[in-house]
Amino acid sequence: MEADGLPVELWQLILSYLCLPDLGRCSSVCRAWNELVLSLDRTRWRQLCLSCLEHRHPHWPVQPDVEPQSWRDTFKQHYLASKTWTKTTQALESSNCLSLFQRRKGRRRLCVGAVAEFSSLRAALAVASPYDRLVLLPGVHEEHSEVLLKVPVEVVGQGKLGKVVLLASINQHCPTARLCNVVFMPARFTSVLYKTTSGYVQFDNCNFESGQLQIHAPGTCQVKFCTFAQSSIHLRSVALCVLENCEFIGSENASVIVEGYPSSDRNWACKHLAMLAKSCAASVWEPSPAGCPVAKQDGWGESLLEPVRMCEIVIGEERSSFISTVGAQALLGSAQEDTEFRENLQAAKEEEYLALDSNSSDSDLSSDDEEDARAAYKLPYQAHSLSHTLADVTDSRLQSDRLHALQTDLKLKSLQQELQQDKEAQSLASSLQGCIIRQCLFRDGKGGILIYSRGQAKLEGSIFRHLTYAVRCIQNSKVIMLRNDIHHCKASGIFLRLLAGGLIADNNIHSNCEAGVDIRKGANPLVLCNKIHSGLRSGIVVVGNGKGIIRSNQIYGNKEAGIYILYNGNPAVSGNHIFQGLAAGIAVNENGRGQITGNIICENQWGGVDIRHGGDPILRNNLISCGHSDGVVVGERGKGLIEGNTIYSNKGCGVWMMSSSLPHLINNQISHNGIYGVALFCRKDEAGDYPPGQGGNETFQEEREGASGENDPDSEEEYPAARPPISVALVELNSINHNGAAGLHIKGSEALSVIANVIHANRDGGVAVLQSSQLTRITNNSICCNGREGVLVEAECQVELRGNGIYENRSHGIISKGEGVVEENDIIGNHRCGLQMLQAADMKVTKNRIQAFRDYGIALFDEAKGLVQENLIFQGRSKKFILRPMSNAEDCIVQDNVLLTVKKRFDMECMLINPPARPHVRGGVLGSCMAAGGRRVSSTTTRMDGGCHHRRSIFCTIL
């Protein structure tokens, strides 16, 4: 009969009535008939697969509603797997040709039951030959003593699962066995349901209730489509075993216990199990909706937040989830923002400037005339050492492009990309040792999997829910977790301690009562490409000398810190997106350390990064943006190197520090934050309405008590030795611009060094020193175009201003009510006085170059005193140079100053040439050591002594 003689639909209807052997014969007729048989995949093959009593839905119990790609292939795999137990060593090693002529062994079918040939299982085993099939008839079969399995047999329950109940304890002493479609319950004398110490056992479609399976090396097992109700399986030094499509319910302890290093003594079945595991591993590289419970969905569990908001910016092929819509608009519209900022700032300050200049004879000139006058008196200061940095922050389009490039560089990597680049991770992902658990469901019990004493386990595509903990890996053990779903655990989802390690990759970990991943006591795992979210506490906790590499994860929506590092925890945290947390993004507390590099940390309720109580991390090259509070918080006794970060558009401060902390803040871009760029306070309550973020309320009593005694002796070697100890907080080589208040706000009680920063276009002043009982050194900075004064020094503050360029600020260049030194600065083009001393100020003002556009170069009011000597003061539009009080002339010495007026525009262009405009930073980079910084200042001072005012430029006229 030709296949095209009837419509295809009619052929499919006819063939759908055939049994399995007939379908096989039809598929061998010809290619057309084979295609017709294959076309029955969703009908007849599905019916045959689901009607078989020896196995269940191929995605049970994880995704029983998702159909496989091919029901025929699934049926074939199930059939071949059911024959695995018969493939002994001789069969595997035999030639394919000889197997065609091999005579099949006759297999008997022995029935066991009340009305059958054998009344008990023991009686049937006594007469059974190798590979016989023992069929247990429906009913309860009870054995009153241990049953010894001495010959390879297959024990199968007749009827649906649950009809056959076996109350026995079986001890296997033969090379292989298979048990199928049986409910196992413990005998009265022991809780051990089945035990093997040497052979291979295969369980298919069985239920285990209130008992335990024990598999000891060199024995091994394959368990598929089985249910463990208040039961467990204990694997001791097993070289390789496979648990697939099993359900574990209501365990009183761990459901699966893996103990001991995998034995090198392997039995005949390990070769088959390795081939099976390799074929299953392909799903990791080519994920499909049927392969894993988390691949199907876009959100998991009940989140504590609103749905995750995604920005419209798309980097590469994936959605970017690291910045809010508001942040995206701020990024894309930064060019307009800079322009609007300047315009609004000008309008807001216009009345103030008119009032301040009311005594000026030129105050009635138009704005156009004012601009012309300003151009006539403008000194060329743009060529100083930090001008390249200033050009970057003033060019808004360049700044926008840089932010966009940074986001592209920090794009989240996929697991495939990580495995291609990290050979260690690739080796772990492909390793096949110990216990392999695939597509299993662990629920409603105490523990999921316990791995200890150098045990090894690999978990793929499984679900862990409503447990006390999902996975506990301790004592030098290793766990590999790929594409699992872990949620609603009463404690931590994954717990690693005591030098445990492994790979935790591409998992969905959410809604757990404690940390999603808990790393303690020297544990050192690889945590890659996971989604860790909606936890009732922190996402990842690293404590008690815990280590680990935490990379390319999405950590969001956790109630406490996204990553919490404390008690000498020292992980490497890189390439993660940490966002929308209800507390800090990353918290480093209680002597925690860590290298935190290349992360995107945004939209967190508290600080993006929170460091306090001895925390000493390296925070480098991160994007910390759009936070609801401060970008970086360095609280009481916090330390750390904060280098090369972009801290952008946070509602609070860019960096919030306490004066008792000792951070090193170097080479960061701190811009467009709602309040101060960098703020230093004495106590927490002095921050007013802007409290810093804490890491959370988690308690770690065990680590707190043992932190001093369990320090890893090698941990100091792993910590970078290139960082010299520092005795004062350092703010160095940062670009602090376009912030909503002052660029640098100081209200502290400890010493501070501010070196070689660009502080530009902040909405209030550049630097405000409101409280400083110890010396604050402000050296070699460019402070320009800020909305108010360049530098403000309040009463009783001690300040050293040296080598700075203070240009074109909207009010005075420097206002001082305190004490200190103002030496070798360029204070040029500010809208009001170059330097104003008020109240009881006591300053030594020497060797500065000063020009004020509309006011005095130097103005001394009230009880101001000190020394004003050897300064070069250029003429401004007001033609005012020095205003000094007459009441305390003996306390205020003004001498040897040079006052210059300019006759030609060309003369102005030559004023700041010898030496050139400040600041002077050799090579554009300043070292981090204070001693080295001091030497640079001294050498710069010596070089500046030969300035223009000593050589008496021919373009100047001495008044």
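Quick caveat: nothing in here was measured; it's all calculated off a predicted structure.

## Description of the overall build of the protein
Part 1: Per the secondary structure count, the protein includes 21 helices and 76 strands.
Part 2: Out of the 959 residues belonging to the protein, those deemed buried represent 59%.
Part 3: Within the protein, counting contacts between residues at least 6 apart in sequence, those at least 24 apart form 54% of the total.

## Things to note about the packing of helix α2 (residues 20-27) against helix α3 (residues 31-38)
Part 1: Put simply, α2 and α3 touch, their axes get as near as 7 Å, and they point 140 degrees apart. The angle between α2 and α3 falls in the class oblique. Contact residues: L23, C26 and S27 in α2; W33, N34 and V37 in α3.
Part 2: Residues belonging to the contact of α2 with α3 are distributed by class as follows: four nonpolar, two polar and no charged.

## Looking at the pairing of strand β34 (residues 540-543)
Part 1: Where burial is concerned, the two faces of β34 agree: the one with I540 and V542 and the one with V541 and V543 are both buried.
Part 2: Sheet topology note: the strand β31 (residues 517-520)/β34 ladder contains four bridges and is parallel. Across the sheet, residue V517 finds its bridge partner in β34, namely I540.
Part 3: One ladder, built from three bridges, connects β34 with strand β37 (residues 563-566); its direction is parallel. Bridge assignment links V542 to a residue of β37, and that residue is I565.

## A short note on the packing of aromatic side chains
Part 1: Inspection of every chain in the model, using the stated rule, returns 14 aromatic pairs.
Part 2: Considering the side-chain rings of F248 and F442, the 4.5 Å spacing of their centres and the 5 degrees angle between planes classify their relative orientation as stacked. Of this pair, F248 sits in strand β18 (residues 247-249) while F442 sits in strand β23 (residues 441-452); the two residues are 194 residues apart in sequence, bridging distant segments of the chain. The pair F248 / F442 is uniform in exposure class, with both members buried.
Part 3: Ring-pair connections join several aromatic residues into one group, and the members of that group are F184, Y194, F203, F208, F228, F248, F442 and F464.
Part 4: Here the basic side chain of R56 rests over the ring of W60, its NZ or CZ set 4.1 Å away from the ring centre.

## Focus on the packing of helix α1 (residues 8-15) against α3
Part 1: Look at α1 against α3: their axes get within 10 Å of each other, and the N-to-C directions meet at 70 degrees. With respect to their mutual orientation, α1 and α3 come out roughly perpendicular. Two secondary-structure elements touch here, α1 through V8, W11 and L15 and α3 through W33, L36 and V37.
Part 2: Across the contact of α1 with α3, the residue classes break down as six nonpolar, no polar and no charged.

## Points about the side chain of T74
Part 1: For T74, the location among the structural elements is in helix α5 (residues 71-82).
Part 2: Those residues within four positions of T74 in sequence are excluded, and the remaining contacts are C49, P58 and P68.

## Observations concerning the confidence of the model for the protein
Part 1: Put simply, the protein has an average pLDDT of 80, and 75% of its residues get 70 or more.
Part 2: Segment residues 89-95: pLDDT under 50, and four contacts once partners within four positions in sequence are set aside and those in other chains are kept.
Part 3: Note on residues 685-696: pLDDT under 50 across the span, and 36 contacts to partners over four residues away in sequence or across chains.

## A word on unusual backbone geometry
Negative phi characterises most residues that are not glycine, and trans characterises most peptide bonds.
Part 1: For the bond from W60 to P61, the omega torsion is 0 degrees, close enough to zero to count as cis.
Part 2: Here P61 is to be found in the loop between α4 (41-51) and α5.
Part 3: Note that the residue after R918, namely P919, is joined by a cis bond; omega there is 10 degrees.
Part 4: Summarising the element assignment, P919 is placed in the loop between α19 (905-908) and α20 (930-944).
Part 5: Although it is not a glycine, S552 adopts a positive phi angle of roughly 60 degrees.

## Here we look at the pattern of salt bridges
Part 1: Applying the stated criterion across every chain yields a total of 32 salt bridges.
Part 2: E67 is paired through a salt bridge with R42; the nearest N and O atoms lie 2.8 Å apart. In this pair, E67 sits in the loop between α4 and α5 while R42 sits in helix α4, placing the two residues 25 residues apart along the sequence.
Part 3: Since its relative accessible area comes to 43%, R42 is described here as partly exposed.
Part 4: In this structure, the salt-bridge partner of E800 is R802, at a minimum N-O distance of 3.2 Å. Per residue, the accessibility class of E800 equals that of R802, and both read buried.
Part 5: A single network of salt bridges, built from pairs that share partners, joins R107, R133, E154, R178 and D204.

Rules and cut-offs
Residues numbered from 1 in each chain as written. Predicted model: local features only at pLDDT ≥ 70, side-chain atom pairs only at ≥ 80, totals over all residues. Heavy atoms only, no water. Helix = DSSP H or I, 4+ residues; strand = E, 2+ residues; numbered from the N terminus. Buried < 20%, exposed > 50% of the residue type's maximum accessible area, 1.4 Å probe, protein only. Contact = heavy atoms within 4.5 Å. Axes fitted to C-alpha atoms, helices over the stretch in contact; angles between N-to-C directions. Parallel < 35°, antiparallel > 145°, perpendicular 65-115°, else oblique. Nonpolar A, V, L, I, M, F, W, Y, C, P; charged D, E, K, R; others polar. Pairing = 2+ DSSP bridges. Phe/Tyr/Trp six-rings, centres within 6.5 Å; stacked < 30°, edge-to-face > 60°. Lys NZ or Arg CZ within 6 Å of the ring centre and 35° of its normal. pLDDT = per-residue confidence, 0-100. Salt bridge = Lys/Arg side-chain N within 4 Å of Asp/Glu carboxyl O.

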